[in-house]
Amino acid sequence: MLSAAEIDFDLPANALVTSGMSKLLALVIIAMMVIQLIKPLGWPGLKRRSDFWKLAVLAMAAISITAALGHWT
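Rules and cut-offs
Residue positions are given per chain, counting from 1 as you read along its sequence in written order. Local features in this predicted model are restricted to residues whose pLDDT is 70 or higher, and side-chain atom pairs enter the listing and the counts only when it is 80 or higher, whereas totals over whole chains, interfaces and linings include all residues. Think of the side-chain values as coming from all heavy atoms in the structure, minus any hydrogens and water. Criterion for a salt bridge: a side-chain nitrogen of Lys or Arg within 4 Å of a carboxyl oxygen of Asp or Glu. Summary of the burial criterion: residues with accessible area below 20% of their type's maximum are buried, those above 50% are exposed, and those between are partly exposed, where the area comes from a 1.4 Å probe applied to protein chains only. UniProt positions are given in the numbering used here, feature names are shortened, and annotations may be inferred rather than shown by experiment. Here a helix means four or more residues in a row that DSSP labels H or I, a strand means two or more in a row labelled E, and each is numbered from the N terminus.

## Overview of the pattern of salt bridges
Inspection of every chain in the model, using the stated rule, returns two salt bridges. Of the charged contacts in the structure, one is a salt bridge between Arg48 and Asp51, with a shortest N-O distance of 3.6 Å. Take Asp51: its relative accessible area is 4%, and that puts it in the buried class. For Asp51, the salt bridge goes to Lys54, with nearest N and O atoms at 3.8 Å. Judged by its relative accessible area of 31%, Lys54 is partly exposed. Connected through shared salt-bridge partners, Arg48, Asp51 and Lys54 make up one network.

Here is the structure:
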């Protein structure tokens, strides 16, 4: 968590939330990729270990949408 001295108060309030949400989303998807490499999740489209790249594409799309929504408001 950021301390009061580290927060740039010129930013809109939702910028900190969007930034945190992007980081959380990235960490969750990276964890899913690691799990997929160790033991496949078995979800449709993720049956083989080599399918972990699909999670990377999903991560890039999700983070791009999150960033776009953060700049849109």
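## Here's the deal with the UniProt feature "transmembrane region" (unreviewed entry) in the chain
Mapped onto this numbering, the UniProt entry annotates "transmembrane region" (unreviewed entry) at residues 20-40 and 52-72. As annotated, residues 52-72 comprises 100% helix and 0% strand, and the C-alpha atoms at either end are separated by 31 Å.

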